Amino acid sequence: MKKEHYSVAVDGPSGAGKSTLARAAAKELGITYVDTGAIYRVIGLAASRRGIGTEDAARIIPILPELDIAIRYGGDGAQHMFLNGEDVSDVIRLPEISMLASAVSALGEVRAFLLEMQRSLARKQSVIMDGRDIGTVVLPDADVKIFLTADAEVRARRRCLELEQRGTPRPFEEVCEELKQRDWNDAHRDVAPLRQAEDAVLVDTSGLDFEQSRALLIRTIRERVDA
Ligand code: DC
C-alpha cells in the first residue's frame, strides 16, 4: 500500500553510518531526515558550557527549562541545531561533546524533556529519524524500523577516515576505545537503552561499502511502505 505519510526509525550504535545513510535515504525518498543524536549533543554542549562533566551530568537537570532548543532545516535539507538562538551545529560535533551527550542521554529527565519534540517532528511530516531508541520508545508505531549496525572495528575505521578527511586525524586505538565505551554506556543505561526493537529489520553493513549500504537501506524501506 502506498503511504503518503510515514515514519522510518533507524537505531544502532555510534559510527554505524546511521546519519550518512539515513540522510541519503531521506533525499532519495523526498522525506525529512531527523538526527536525534544532535539534540542530545545540544544538551551535552549546554552542560559543558556550565562546567558540568560526565561524572556530574545530573547537574543539567534543573537547567533544562532554561534551554531553548530548536531544529531548522536549510535549503539543502541540512539539519541545523540552535541553542538559545545560536547555531551550534558544528560545535556539537567535538569529541568531548560526544561523551557528554552520551552521559546526559542516560538521564530519564533529559529523555522525557526531548520526547515530545521528537514525536511532533514525525507527526508534522514523513521522516526518517535516527537515534538509539526511536523504534523502541520515540516512535513505537513507526512504519519501518531498522537496526543498523557494523562491527566495532569497522565503525572505528570509518570514523578515523572521516576525521582524516576533516583534517582532524586521531589514532585508531583511541577512536575504537571511545566508540566501545559509548556503545557500552548507551546499551547499559537504565532508561531507554540501545537495543533492537523486536519488529526491527537488522541491517549489518560490516561487509558493505556506502553505495551497497544505501541501496539496501532504501530497498528495505520501499518494500515496506511502497514509497
Ligand atoms: O548519534 P550521536 O552519536 O550523535 O548521539 C550522541 C549521543 O546521544 C549518543 O552517545 C547516545 C545519545 N542518543 C540517545 O541516547 N538517543 C538517541 N535517540 C540519540 C542519541
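Quick note: structure is the one above.
Report follows, based on the coordinates. Predicted, not measured: the structure shown is a model, and the values here were computed from it.

You will see that N84, though not glycine, has its phi angle at about 45 degrees, which is positive. Relative to the elements of secondary structure, N84 occurs in the loop between β4 (79–83) and β5 (86–87). Accessibility expressed as a relative area gives 43% for N84, which makes it partly exposed. Non-glycine residue A192 carries a positive phi angle of around 45 degrees. Turning to its location among the elements, A192 is positioned in the loop between α7 (172–188) and β8 (201–204).

Next up on the list: the sheet that holds strand β7 (residues 144–149). The parallel open sheet is built from five strands, whose spatial order is β2-β6-β1-β7-β8. On the outer flanks of this sheet lie β2 (32–35) and β8, each paired with one strand and no other. Strand-to-strand twist across the sheet, computed as the mean angle between neighbouring axes with direction ignored, equals 20 degrees. Packed onto the sheet, helix α1 (residues 18–29) meets β1 (7–11), β2, β6 (127–131) and β7 and runs at close to 180 degrees relative to β6. Here helix α2 (residues 36–49) sits on the sheet and contacts β2 and β6; the angle it forms with β2, its principal contact strand, is near 40 degrees.

Turning next to the site of the ligand. Taken together, 15 residues sit near the ligand, with R41, R111, R132, R182 and R189 positioned nearest. Contact between the ligand and D133: a nitrogen atom at 3.0 Å from a side-chain N or O atom of the residue. Here R182 contributes a side-chain N or O atom positioned 3.0 Å from an oxygen atom of the ligand. Protein contact buries 96% of the 440 Å² of open area that the ligand shows by itself. Sorting the residues of the shell around the ligand by element identifies α2, α3 (95–105) and α7 as the ones contributing at least two each. No other element matches α2, which puts four residues into the shell around the ligand. Among the residues making up the shell around the ligand, the classes are represented as three nonpolar, five polar and seven charged.

Another aspect to go through is the packing of α2 against α3. Remark: α2 packs on α3, axes separated minimally by 8 Å, with the N-to-C direction vectors making an angle of 105 degrees. By the angle between their directions, the pair α2 and α3 is classed as roughly perpendicular. Between α2 and α3, the contacting residues are Y40, R41, I43, G44, L45, A47 and S48 on the first element and I97, S98, L100, A101, V104 and S105 on the second. Its residues assigned to classes, the contact of α2 with α3 shows eight nonpolar, four polar and one charged.

Turning our eyes to something else, we now look at the side chain of T220. Position of T220 among the secondary structure elements: in helix α8 (residues 210–225). Engagement of the side chain of T220 in a polar contact is seen with the backbone oxygen of L216, the distance being 2.5 Å. Excluding residues within four positions of it along the chain, T220 makes contact with V144, I146, V201 and V203.

So, on to the pairing of β1. Note on strand geometry: in a regular strand, side chains alternate between the two faces of the sheet. By the criterion of burial, β1 is predominantly enclosed, with five of the five residues buried. Pairing of β1 with β6 involves five bridges; the strand directions are parallel. Looking at the pairing, V8 lines up with I128 of β6. Relative to β7, β1 runs parallel, the two being bridged by four bridges. Across the sheet, D11 pairs through a bridge with F147, a residue of β7.

What counts and what doesn't
- Residues numbered from 1 in each chain as written.
- Predicted model: local features only at pLDDT ≥ 70, side-chain atom pairs only at ≥ 80, totals over all residues.
- Heavy atoms only, no water.
- Helix = DSSP H or I, 4+ residues; strand = E, 2+ residues; numbered from the N terminus.
- Buried < 20%, exposed > 50% of the residue type's maximum accessible area, 1.4 Å probe, protein only.
- Pairing = 2+ DSSP bridges.
- Axes fitted to C-alpha atoms, helices over the stretch in contact; angles between N-to-C directions.
- Contact = heavy atoms within 4.5 Å.
- Near = heavy atom within 4 Å.
- Polar contact = N/O pair within 3.5 Å; in protein donor to acceptor, adjacent residues only side chain to side chain.
- Areas by Shrake-Rupley, 256 points an atom, 1.4 Å probe, with all protein chains shown as cover.
- Nonpolar A, V, L, I, M, F, W, Y, C, P; charged D, E, K, R; others polar.
- Parallel < 35°, antiparallel > 145°, perpendicular 65-115°, else oblique.

Just geometry here; none of it tells us what the structure is for.
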